[in-house]
Amino acid sequence: MHFDELLGTLGEFGRYQKRVYFLICFLSVSAGFHMVISVFLLGTPDHRCRIPGYPGDSYSIQNNHHRELVNASIPLKDDTDGEEYEKCHYYVINVSDVSAGRGEKRKCDEWVYDTAIFLSTFTAEVNLVCDRQLWTSNASMIFFAGVLIGAFALGALSDAFGRKKTLMLSILLLLCSSMGVAWAPDYATFCVLRFFVGFSCAGLFMTGFVLGMELTGPSKRVWAGVVIEYFFAIGLVVLAGLGYFIRHWKYIEIACAAPTAFFLLYWWFVPESPRWLLRKGKPEEAKKIILKIAKGNNKEITTKELDNLEADPTADAGKVWHLFTSRVLLIRTLIIFFNWAVVSMVYYGLSLNSGNLAGDFYLNFFLSGVVEFPAYTLCLVLLDRIGRKKLHASCMILGGLACVSTIFPVLYLDKEYQWVTVILAMLGKIGAAAAFAVIYVWAAELFPTVVRNAGMGASSSCARVGGMVSPYIADLSKVIDGGMGQATPLIIFGGFSVLAGLLSIYLPETLGHNLPDTIEDGIKFGE
């Protein structure tokens, strides 16, 4: 008897599994914190050059004399009709006698920052502005590189040494590295620590996700796989609240890192995966956990059923390059990989870009988390009704068109109508969030059984690459001035989303079909 068959007796998603699954879902809240916290850590406040020789300088105007000094020493931007100061240059003046006129124009090496949105960010603390403004994007890219490498390394560790041990290692590493970020003294240390935060986040979410799925019966896995995403969205909403009330990057980081210590208690409450134990030839340990599940679910299990228990059959002997051995699988695989990369790029890019939208910074970030709830509800309601293909393609195309459409209110409507831009961006986020949930299910069903694990691993890597690209696109507003700078990231995200959605139409539907097992099945699938 295989474990899936035994779950028919134990309960596919009984009280015991629900309790463990609920604990695992809290890991997703923490992952949500750290995946997008860079919005607050690396936010760039409005700024200008500090006036040399005026030690009491601040971004906000203190009095009329201070206003005269600022107007005399700080050049105005040419393209803002005199409404904005330049951020990187100043004129040499005599602060004791403003009427003496301006001297030469110079680049500055000290700045003052607006504290209306952030009291402090790491960007402001180490001056990642002007010639170093790209460094914030580099730091975000390094974080996502950590996620990529962590997915590989901790995934292999999980298969070799067990889900539970890898999960606890990820929790401990996340606690130490995220706490360390709050005391990072310089840019290099900050990036190294953020790399390890990303590394451990990959293990935290993916290992917890796998453990939760392996305790769940086949008919409940799609539901369980989508519900955990709600908790990721809860993390975004809670983070918006923490950011609003704290507004200092160090204390926001500490507030998000400290609860990780609670997860260390999971060692006593979360079991090892019985599937993994059976596959590794440890049936006695698996039986102990199965008896706990039976007790927790108020189910009886016979000694004969336990003695006849064996590992689930596996045909995962294929390699990822087997997906490129035929024209049909090659095209299908490339479309899947492209959709993974784009949906990740758009999802994280829109989250990071929420601060560049018109209106209240914190409200926009809050809304970017809230809109994920209807997105995941849409998946739960429609995934098994209209199918994976229609749902995914519709979300990508419609969400992408919403993003592209932001160019019209940005360029052609007055400031009082910029709420239209926010609504369109949020519709794009709904599409990206829903498509992200669908592609997990759809891609796993499209890959033949013999290469399913390899295919999903490669797909996940493509998603991480998309995440690494996203901060550079989201930060284009730093190098492109005006309304076009605000619209360009959304146009790029929207354009790629529409393209990926159109390409996904060429993939076969999997709902109601027997899934492919061999490479030959994969080639014939969808004919």
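Remember, predicted model here, so these are calculated numbers, not experimental data.

Thresholds applied
Residues numbered from 1 in each chain as written. Predicted model: local features only at pLDDT ≥ 70, side-chain atom pairs only at ≥ 80, totals over all residues. Heavy atoms only, no water. Helix = DSSP H or I, 4+ residues; strand = E, 2+ residues; numbered from the N terminus. Rg over C-alpha atoms; globule rule 2.2 N^0.38 Å. Buried < 20%, exposed > 50% of the residue type's maximum accessible area, 1.4 Å probe, protein only. Contact = heavy atoms within 4.5 Å. Areas by Shrake-Rupley, 256 points an atom, 1.4 Å probe, with all protein chains shown as cover. Lys, Arg positive; Asp, Glu negative; His and termini not counted. Charge placed at Lys NZ, Arg CZ, Asp CG, Glu CD. Disulfide = S-S within 2.5 Å. Salt bridge = Lys/Arg side-chain N within 4 Å of Asp/Glu carboxyl O. Expected span 1.5 Å × (residues − 1). Bend = angle between axes of the 7 residues up to and from the residue. Core = buried A, V, L, I, M, F, W, Y, C linked by side-chain atoms within 4.5 Å. pLDDT = per-residue confidence, 0-100. Axes fitted to C-alpha atoms, helices over the stretch in contact; angles between N-to-C directions. Parallel < 35°, antiparallel > 145°, perpendicular 65-115°, else oblique. Left-handed = near helix turned anticlockwise from the far one by under 90°. Nonpolar A, V, L, I, M, F, W, Y, C, P; charged D, E, K, R; others polar.

1. Some words on the overall build of the protein chain
Helix and strand counts for the protein chain come out as 22 helices and four strands. Its C-alpha atoms give the protein chain a radius of gyration of 26 Å, near enough to 24 Å, the size a compact globule of 527 residues would have. Judged by the C-alpha coordinates and their principal axes, the protein chain covers about 95 × 50 × 35 Å. Per-residue burial over the protein chain gives 53% buried out of 527 residues. The long-range share in the protein chain, meaning contacts at least 24 apart out of those at least 6 apart in sequence, stands at 77%. Here the protein chain displays about 22800 Å² of accessible surface, and carbon together with sulfur accounts for 62% of that area. Looking at charge distribution, the protein chain has the averaged site of its 44 positive side-chain charges lying 7 Å from that of its 46 negative ones.

2. Some words on the state of the cysteines
Taken as a whole and assessed by the stated rule, the structure comprises two disulfides. Put simply, cysteine 88 and cysteine 130 are joined by a disulfide, and their sulfur atoms are 2.0 Å apart. Between cysteine 88 and cysteine 130, the S-S torsion sits near -100°, and that sign places the bridge as left-handed. Of the two residues, cysteine 88 is situated in the loop between α4 (64-73) and β2 (89-91) and cysteine 130 in the loop between α5 (122-125) and α6 (134-161); the sequence distance between them amounts to 42 residues. Owing to a relative accessible area of 13%, cysteine 130 belongs among the buried residues under this scheme. Sequence-ordered numbering of the bonded cysteines in the protein chain gives a pairing of 1-3, 2-4. No disulfide involves cysteine 191; its sulfur sits 16 Å from the nearest other cysteine sulfur, which is in cysteine 201. Look at cysteine 191 and you get buried, because its relative accessible area is 6%.

3. Digging into the pattern of salt bridges
Scanning the entire structure with this criterion turns up 12 salt bridges. With a closest N to O distance of 2.9 Å, aspartate 57 and arginine 48 form a salt bridge. Each of the two residues, aspartate 57 as well as arginine 48, counts as buried. Salt-bridge contacts for arginine 279 lead to glutamate 214; the nearest nitrogen and oxygen are separated by 4.0 Å.

4. Considering helix α19 (residues 419-446)
Its 28 residues place the ends of α19 40 Å apart at the C-alpha level, agreeing with the 40 Å of an ideal helix rising 1.5 Å per residue. The principal kink in α19, of about 30°, is found at isoleucine 439. The buried fraction of α19 amounts to 21 of the 28 residues, a majority that puts the element mostly inside the structure.

5. A closer look at the environment of alanine 258
Topologically, alanine 258 is positioned in the loop between α10 (249-257) and α11 (274-279). Owing to a relative accessible area of 36%, alanine 258 belongs among the partly exposed residues under this scheme. The spatial distance from the C-alpha of alanine 258 to the C-alpha of isoleucine 61 is 37 Å, given a sequence separation of 197 residues.

6. Looking at the nonpolar core
Phe40, Phe190, Leu239, Trp340 and Tyr347 are the most contacted members of the largest nonpolar core, which totals 137 residues. Examining the composition of this core, we find that 15 residues originate from one element, α19, more than from any other. Setting aside residues no more than four positions away along its own chain, tyrosine 347 makes contact with Phe232, Leu236, Glu372, Tyr376, Lys429, Ala432, Ala433 and Phe436. Ala72, Ile74, Val95 and Cys108 belong to the second-largest nonpolar core, a separate cluster that totals 17 residues.

7. Description of the confidence of the model for the protein chain
Taken as a whole, the protein chain shows an average pLDDT of 89; of its residues, 97% reach a score of 70 or greater. Ranking the helices and strands of the protein chain by mean pLDDT puts α10 first, with 97, and helix α13 (residues 303-307) last, with 79.

8. Concerning the packing of α6 against helix α8 (residues 187-214)
Relative placement of two packed helices is described by the angle separating their axes and the distance separating the axes. Axis separation between α6 and α8 bottoms out at 6 Å; the angle between their running directions is 40°. With respect to their mutual orientation, α6 and α8 come out oblique. α6 and α8 meet at a crossing whose hand is right-handed. Looking at the contact of α6 with α8 residue by residue, the classes come out as 18 nonpolar, eight polar and one charged.

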